[in-house]
Amino acid sequence: MNRTALVPMLLCAAVVAALAGCRSTSEPVEQAAAQARAEHENAARSQAKAATVAAAADAAAAASGSQTLDRIEVTGSRLRESYAPAPSAPPPPMALMRVAPFQPANTEKYAQRTDNPVQRAAEQPVSTFSIDVDTGSYANVRRMLNDGARPPSDAVRAEEFINYFDYGHPAPTSRETPFRVTTELATAPWNPQRQVLMIGIKGYDVPKAALAPANLVFLIDTSGSMDEPDKLPLVKQALRQLVPQLRAQDRVSMVVYAGSAGLVLPPTPGDRHGEILAALDRLDAGGSTNGGEGITLAYAMAKQAFIEGGANRVILATDGDFNVGTVDQNALETMVADQRKSGIALTTLGFGTGNYNDELSERLADVGDGNHAYIDSVREARKVLVQQMGGTLLTIARDVKIQVEFNPAQVAEYRLIGYENRLLQREDFANDKVDAGDIGAGHQVTALYEITPAGSSAQRVAPLRYGGANATKPDIAIGNEIAHLRLRYKLPGQDASKLIQTPILASQLTKTPGESLRFASAVAGFADALRGGERMDGWGWDAMIATARNARGDDPRGERAELVQLMDAARQQSAGGERVGVSD
């Protein structure tokens, strides 16, 4: 290249460099203009290309105009309309773009149950069942009602509603008998042609300082399903309520399970509160749920720290969503039942919503000689783990069974309210090998029977044609008896049961139930209403709520007032106002 050609090139480069140095504020504008020119040129080229294609198509059509029509082609302006580039619509503003929130499927699981039927005393005079001190159903349904949700009928267990409340049953005067039994018979609040029988059991209480040493294993679900505010964070808050109650003679271990199980805290003296709380604080949720492996490790820790003569117990805190490892419920029940025989009980604490497996949690507690509770708040945690913990840790009577024989001369029909999954065969009552529920120190149990007296026009079951006329002829010696009540129980460490029995006399009948019986009847009516309202004939929402409100009595923790609020909320949910029953 010669010097003459080089000079213009150098001058051009200098001008470009100078312009580049002074375009600081105008650069975005120039870029926008350049982009606009490029888009205009692209559009023009596209239109030109489309016009060329259209012209060729028109020419071809003219050339073949005299030929036979054997196919249809789009030509001319239609082609341009079909293929000419259309301007793209601008994206909608971000403020107007809405994405529907993700709603996970509700997979909560409840065991199917059918209400106890009405029995004719002349045909089936004996009723036998195991006691139950669980309260989880009431707290779980309370959670649903507070959330504005209608509880499924199978979530409602009448006996757990009734046993949630304290009825002031008198305690025994000495420890020779671990509990005292009382009865009350009165006209039913829901129908004056019926009667209601209340059986109350109260165990003797023991001061916390006198409780035997406890060996506790906290088995905590830390799987991914527990990563919700009402699950693992609430578990931590709940167990923090218990830790200050632990003593030097107690032992505490902590096992967690997710995809696999792990030991977070080896057996540690109970008075090392700081270490126990620090282990709690380290827990995080994540992974799948291998509950079977966790239960195995928890029982291994309980055996390692076993206290002879003490309270050896695994406390399982979970939503029950086991999905890896041993997931078959029957296999899990067998595992827990085998460990029960070694003197290690299982308490289950249910947490959470959406995937809560109530069926599994309740059943494991039953076969594990423990109790089941649902924790929906810190307040409920304090009730279960502080106020009632003495009864949980100290068992004063094992395998407690109740049997009532009704006198057909006085009773036409009867119905046990609740306890459907605690029914026993008549012969199981005297069979000491048949397992039943336990009573802890200070625990109370309440059972209600609805009775239709002989001669009442409110009978619901027709008598058998060949039932036998002698079945209703009273014996002079027992003619005044409504029923005969029997209880069997075993003292801790003993294999032979003891028997308590007492008659229930017709002379006990009162027209006006006492405050406790009226409130218990209202609670039973509430449970029936939530299950469909088919059993408490003649009782509407207004009368039921009024009965509960007028029988609140002494209510230091506000639990009875809360029940009235829940009843009112359920009434508002139900369609038709006065019709009793909340649909699924």
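A.B. asks: What's the story with the overall build of the protein chain in this structure? I'm lost.
C.D. replies: Helix and strand counts for the protein chain stand at 15 helices and 16 strands. Across the 584 residues of the protein chain, 47% fall into the buried class. Of the contacts made within the protein chain by residues no fewer than 6 positions apart, 80% connect residues no fewer than 24 positions apart.

A.B. asks: Explanation requested: the pattern of salt bridges in the structure shown.
C.D. replies: Note on pairing: side chains with opposite charge can pair once their charged atoms come close. Applying the stated criterion across every chain, the model contains 35 salt bridges. Of the charged contacts in the structure, one is a salt bridge between Glu159 and Arg113, with a shortest N-O distance of 3.7 Å. Of this pair, Glu159 sits in helix H5 (residues 158-162) while Arg113 sits in the loop between helix H3 (76-83) and strand S1 (119-120), and the two are 46 residues apart along the sequence. What makes Arg113 buried here is its relative accessible area of 11%. For the salt bridge of Glu450 with Arg194, the shortest nitrogen-to-oxygen distance reads 3.8 Å. Here Arg194 lies in the loop between strand S3 (179-187) and strand S4 (195-203) and Glu450 lies in strand S14 (residues 444-453), a separation of 256 residues in the sequence. Considered together, Glu450 and Arg194 belong to a single accessibility category, that of buried residues. Bridged by salt links that share partners, the residues Arg142, Asp376, Arg379, Glu380 and Glu562 form one connected network.

A.B. asks: Teacher, can you tell me more about the packing of helix H6 (residues 232-242) against helix H11 (residues 378-387) here?
C.D. replies: A packed helix pair is summarised by two numbers, namely the angle formed by the two axes and the spacing between the axes. The geometry of H6 relative to H11 is characterised by a closest axis approach of 8 Å and an angle of 40° between their N-to-C directions. Our classification of the angle between H6 and H11 gives oblique. Like other packed secondary-structure pairs, H6 and H11 cross with a definite hand, here right-handed. Contacts between H6 and H11 involve Leu234, Gln237, Ala238, Leu239, Gln241 and Leu242 on the former and, on the latter, Val378, Ala381, Arg382, Leu385 and Val386. Classifying every residue of the contact of H6 with H11 gives 8 nonpolar, 2 polar and 1 charged.

A.B. asks: Whenever I open this one, helix H14 (residues 541-550) confuses me. Can you help?
C.D. replies: Since there are 3.6 residues in each turn of an α-helix, residues three or four apart along the chain are aligned in direction. Those residues of H14 that sit buried are Trp541, Met544, Ile545, Thr547 and Ala548. Seen from one end, H14 has its buried residues packed into an arc of 155°, which puts them on one side. Looking at the packing, one finds that the buried side of H14 touches helix H13 (515-530) and helix H15 (559-573).

A.B. asks: So what exactly am I meant to see when it comes to the environment of Lys236 here?
C.D. replies: Among the secondary structure elements, Lys236 is positioned in helix H6. Here the alpha-carbon distance between Lys236 and Val378, two residues 142 residues apart in the chain, equals 9.9 Å. Reaching out from Lys236, the side chain makes a polar contact with the backbone oxygen of Leu283 at a distance of 2.6 Å.

A.B. asks: I'm lost on the nonpolar core in this one. Help?
C.D. replies: Among soluble globular proteins, nonpolar side chains are generally buried collectively. Counting 45 residues, the largest nonpolar core has Phe161, Phe165, Leu448, Phe519, Val523, Phe526 and Leu563 as its most contacted members. For this core, the elements supplying multiple residues, two or more each, are helix H4 (136-146), H5, S4, H13, H14 and H15. Looking at this core element by element, the count peaks at 10 residues for H13. Contacts of Phe519, omitting those with residues within four sequence positions, involve Phe165, Tyr167, Ala548, Ala551, Arg552, Arg560 and Leu563. Membership of the second largest hydrophobic core comes to 34 residues, among which are Ala397, Val404, Ala447 and Ile451.

A.B. asks: Is there a simple way to think about empty space enclosed by the protein in this case?
C.D. replies: Over the atoms rolls a probe the size of a water molecule, and its path tells where empty space is left. Summed over the entire model, instances satisfying the criterion amount to 3 cavities of 30 Å³ or more. If you go around the largest cavity, you meet 13 residues; those closest to its centre are Asp115, Ala158, Arg415, Ile417 and Asp528. Of all elements in the fold, only strand S12 (411-417) and H13 reach the threshold of two or more residues within the lining of the largest cavity. Top contributing element to the lining of the largest cavity by residue count: H13, with 3 residues. Considering only residue class, the lining of the largest cavity consists of 5 nonpolar, 1 polar and 7 charged.

A.B. asks: What's the story with the environment of Ser456 in this structure? I'm lost.
C.D. replies: As for its position among the elements, Ser456 is in the loop between S14 and strand S15 (481-490). Within the local environment of Ser456, its side chain forms a polar contact with the backbone nitrogen of Ala458, the two atoms lying 3.0 Å apart.

A.B. asks: How should I be thinking about unusual backbone geometry in this particular structure?
C.D. replies: Both trends apply: most residues other than glycine have a negative phi, and most peptide bonds are in trans. Despite not being glycine, Asp369 has its phi angle at roughly 55°, a positive value. Position of Asp369 among the secondary structure elements: in the loop between helix H10 (358-367) and strand S10 (372-374). Taking the relative accessible area as the measure of exposure, Asp369 reaches 18% and is therefore buried. The backbone of Asp399 sits at a positive phi, close to 50°, despite the residue not being glycine.

A.B. asks: Looking at this structure, how should I read the environment of Ile500?
C.D. replies: With respect to the helices and strands, Ile500 occurs in strand S16 (residues 498-505). Remark: the alpha-carbon pair of Ile500 and Leu487, spanning 13 residues in sequence, is separated by 5.1 Å. With residues near it in sequence (within four places) discarded, Ile500 still touches Thr177, Phe179, Leu485, Arg486, Leu487 and Tyr489.

A.B. asks: Where do I start with H4 in this structure?
C.D. replies: Most of H4 sits inside the fold, with 10 of its 11 residues counted as buried. Taken together, the buried positions of H4 are Gly136, Ser137, Tyr138, Ala139, Asn140, Val141, Arg142, Arg143, Met144 and Leu145. Looking at the buried positions of H4, the neighbouring elements they touch are H5, S10, H11, H13 and H15. Positive backbone phi, at 80°, marks Gly148, one or two positions downstream of H4.

Rules used in this analysis
Residues numbered from 1 in each chain as written. Predicted model: local features only at pLDDT ≥ 70, side-chain atom pairs only at ≥ 80, totals over all residues. Heavy atoms only, no water. Helix = DSSP H or I, 4+ residues; strand = E, 2+ residues; numbered from the N terminus. Buried < 20%, exposed > 50% of the residue type's maximum accessible area, 1.4 Å probe, protein only. Contact = heavy atoms within 4.5 Å. Salt bridge = Lys/Arg side-chain N within 4 Å of Asp/Glu carboxyl O. Axes fitted to C-alpha atoms, helices over the stretch in contact; angles between N-to-C directions. Parallel < 35°, antiparallel > 145°, perpendicular 65-115°, else oblique. Left-handed = near helix turned anticlockwise from the far one by under 90°. Nonpolar A, V, L, I, M, F, W, Y, C, P; charged D, E, K, R; others polar. Arc of directions from axis to C-beta. Polar contact = N/O pair within 3.5 Å; in protein donor to acceptor, adjacent residues only side chain to side chain. Core = buried A, V, L, I, M, F, W, Y, C linked by side-chain atoms within 4.5 Å. 1 Å grid on protein atoms, 1.4 Å probe; cavity = no way out; pocket = protein on both sides within 12 Å on 5 of 7 lines; lining within 4 Å. Points joined across faces, edges and corners; volume = space filled by probe spheres on them.

Note that every value here comes from positions in space, so none of it alone points to a role or purpose.
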